[in-house]
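Secondary and tertiary structure notes
Chain by chain, the residues:
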Amino acid sequence: MTIKTRFAPSPTGNLHVGNIRTALHNWMFAQKEGGTFLLRLDDTDAERSKEEYVDAIRADLAWLGLASDEEQRQSARFDRYAEHLAKLKADGRVYPAYETAQELDLKRKIQLGRGKPPIYDRAALDLTAEQVAAYEAEGRKPHWRFKLDHDTPITWTDLIRGDQNFDPALLSDPVILREDGSWLYMLPSAIDDIEMGITHVVRGEDHVANTAVQIQMFQALGAKPPEFAHEALLVGTEGKLSKRLGSLGVSSFREKNIEPQAIVALLARIGTSDPVEPIADVAQLIATFDFARFGRAPARFDDEELAQLNQKIVHLLDYEDVKDRLPETMDAEAWAVIRPNLHDMGDVDQWWRVVTGPVSQPEFSPEDHEFLAVAHDKLEELEASSDLWKDLTGALKEATGRKGKGLFMPLRQALTGLDHGPDMNALLPLIGREVALERLLKANS
RNA sequence: GGCCCCUUCGUCUAAGGGUUAGGACGCGGCCCUUUCACGGCUGAAAUACGGGUUCGAAUCCCGUAGGGGUCACCA
């Protein structure tokens, strides 16, 4: 059987780390099994869904390299939902209710106040024809609820959480259609999963109770429920599900010069028994993907960990990978010299300036001035094709008797303006003999 | 409050009755490097607490504490 997964965001905002992780796992699982990955835009909420978010979601997934094999939109499928609703009405699996949001809210508060779970009391089921007529006369229109079968316990074997059991009597009959005719997420999602042939639903554990309800919907719709995998949520470093985490999106990572490979590598493994490793090749990540390796406790997402992983990923990137983002004059050789000193790609310009200039040199002592003057003369004697740094330091050692730090530090400072950086042996040829001579001269002016 | 899930080094986790409680990241030290970084080696570091069961418990049972989720006319 070929598998099919789906990522179903609602375009009411930007994707955040949690969403991205879910999308990634759905994509990875499909990749691993040779199945298909569906991007389904759950835009039943016309009020809050925005086209700009649809575009942003597509762009974010593309940036991360998560290509979808198929795309669907719920807003294009309202007719299908209506057909199924008609059937459910005929089967007596849905019922109209007339409470207002305020009335329901009040009921819940009373239940909670009495220490009882705030479950819908099914009052609408006991409405007499007169009461309904009275509501209609008032101009009230019903919303519709799905009627859970209290006599059938809900069970499934979750790919991550194992055997699950729910007592349907402890769940509220979900509202599926508002009085204005707009759909809520529950039923359309189940219908789509059936009609689009979804075999595996991978989502956060905040959906576990929804799954219980939807399993009965699958059954009421005459379909076999797909497999479910509910992954533990991500929490912030404080151990709480933070607001900050909820708003941390792809754009914020991009601003901080985080590579998509770093995000993918971290999110693919965080909370699993596989170690988080700097793996830039997603195929390797896919190879080890296994629901059995997912932990059930919430995992911590740490920006610092991401930043460190990102650094290692950057050190793995080939020239071809980053070419487009480098200064035009920077070639593969230069990349190789500078790469090990990068914290992230944002550092490239800083190091490239060391080569292209201008550099701002520190104040030198009179002794160093003298030393640098000798350095200038010695460098002038060298051929451009020679082993610049070795020959220069060798000649200087002989001429001045300096060695160690006293030898190379003034040179480094004069030539780069900094007291640290890439290996001078590799860096000096990039700077070039002529420019180096100019800088040594300038250090003495 | 009801229901569901969870608790092992700082972090992510391995070990489903007998292990010097293992690994990875981070941290410390050493080496390499005529700088910093990279890299290599090495070290410190954990079974939430309290009761049981058992010859023996991180592992099984009960309780306590803590964490997460959910109980929407959001998804």
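Residues numbered from 1 in each chain as written. Chains lettered and ligands numbered in written order. Predicted model: local features only at pLDDT ≥ 70, side-chain atom pairs only at ≥ 80, totals over all residues. Heavy atoms only, no water.

**Focus on the layout of surface pockets**
Empty space among the atoms can be located by rolling a probe the size of a water molecule over them. Quantified by volume, the largest pocket comes out at close to 860 Å³. Considering the residues around the largest pocket, the lining is formed by 37 residues, among which A8, H16, N19, D206 and H207 are closest to the centre. The element contributing the most residues to the lining of the largest pocket is helix α1 (residues 17–33), with six residues. Here the lining of the largest pocket is built from residues that sort into 14 nonpolar, 14 polar and nine charged. Counted as a void, the second largest pocket has a volume near 190 Å³. For the second largest pocket, the full set of lining residues is L104, K107, R108, Q111, P118, I119, Y120, D121, R145, S172, D173 and V175. For the lining of the second largest pocket, the element with the most residues is helix α4 (residues 101–113), which contributes four residues. A breakdown of the residues in the lining of the second largest pocket according to their chemical character gives five nonpolar, two polar and five charged. (1 Å grid on protein atoms, 1.4 Å probe; cavity = no way out; pocket = protein on both sides within 12 Å on 5 of 7 lines; lining within 4 Å. Points joined across faces, edges and corners; volume = space filled by probe spheres on them. Helix = DSSP H or I, 4+ residues; strand = E, 2+ residues; numbered from the N terminus. Nonpolar A, V, L, I, M, F, W, Y, C, P; charged D, E, K, R; others polar.)

**A short note on empty space enclosed by the protein**
Under the definition given, this model contains one cavity of 30 Å³ or more. In this structure, the largest cavity encloses a volume near 60 Å³. Residue lining of the largest cavity: M28, A268, R269, T272, D274, L285, T288, F289, D290 and F294, and that is the complete set. Looking at side-chain class alone, the lining of the largest cavity contains five nonpolar, two polar and three charged residues.

**A short note on the sheet that holds strand β8 (residues 175–177)**
Reading across the sheet, the three strands line up as β4-β5-β8 and stay open at both edges, with antiparallel pairing between neighbours. The strands lining the two open edges of the sheet, one partner per strand, are β4 (94–97) and β8. Here the strands of the sheet are splayed against their neighbours by 45° on average, with no regard to which way each runs. Relative to β8, strand β5 (residues 143–146) runs antiparallel, the two being bridged by two bridges. Note that in β8 the partner of W144 across the bridge is L177. (Pairing = 2+ DSSP bridges. Axes fitted to C-alpha atoms, helices over the stretch in contact; angles between N-to-C directions.)

**Here's the deal with the confidence of the model for chain A**
Averaged over all residues, the pLDDT of chain A is 91; the fraction at 70 or higher stands at 99%. At the level of chain-chain contacts, confidence expressed as ipTM amounts to 0.90, with global pTM at 0.92. (pLDDT = per-residue confidence, 0-100.)

**What about the packing of aromatic side chains?**
Under the definition given, this model contains twelve aromatic pairs. Residues Y81 and W183 carry aromatic rings whose centres are separated by 5.7 Å and whose planes lie at 75° to one another, so their mutual orientation is edge-to-face. With Y81 in helix α3 (residues 78–90) and W183 in the loop between β8 and α6 (186–195), this residue pair connects regions lying 102 residues apart in the sequence. Taken together, the aromatic side chains of F29, F289, F291 and F294 make up a single cluster linked through ring pairs. The aromatic ring of Y120 is capped on one face by R145, whose charged end is 3.5 Å from the ring centroid. (Phe/Tyr/Trp six-rings, centres within 6.5 Å; stacked < 30°, edge-to-face > 60°. Lys NZ or Arg CZ within 6 Å of the ring centre and 35° of its normal.)

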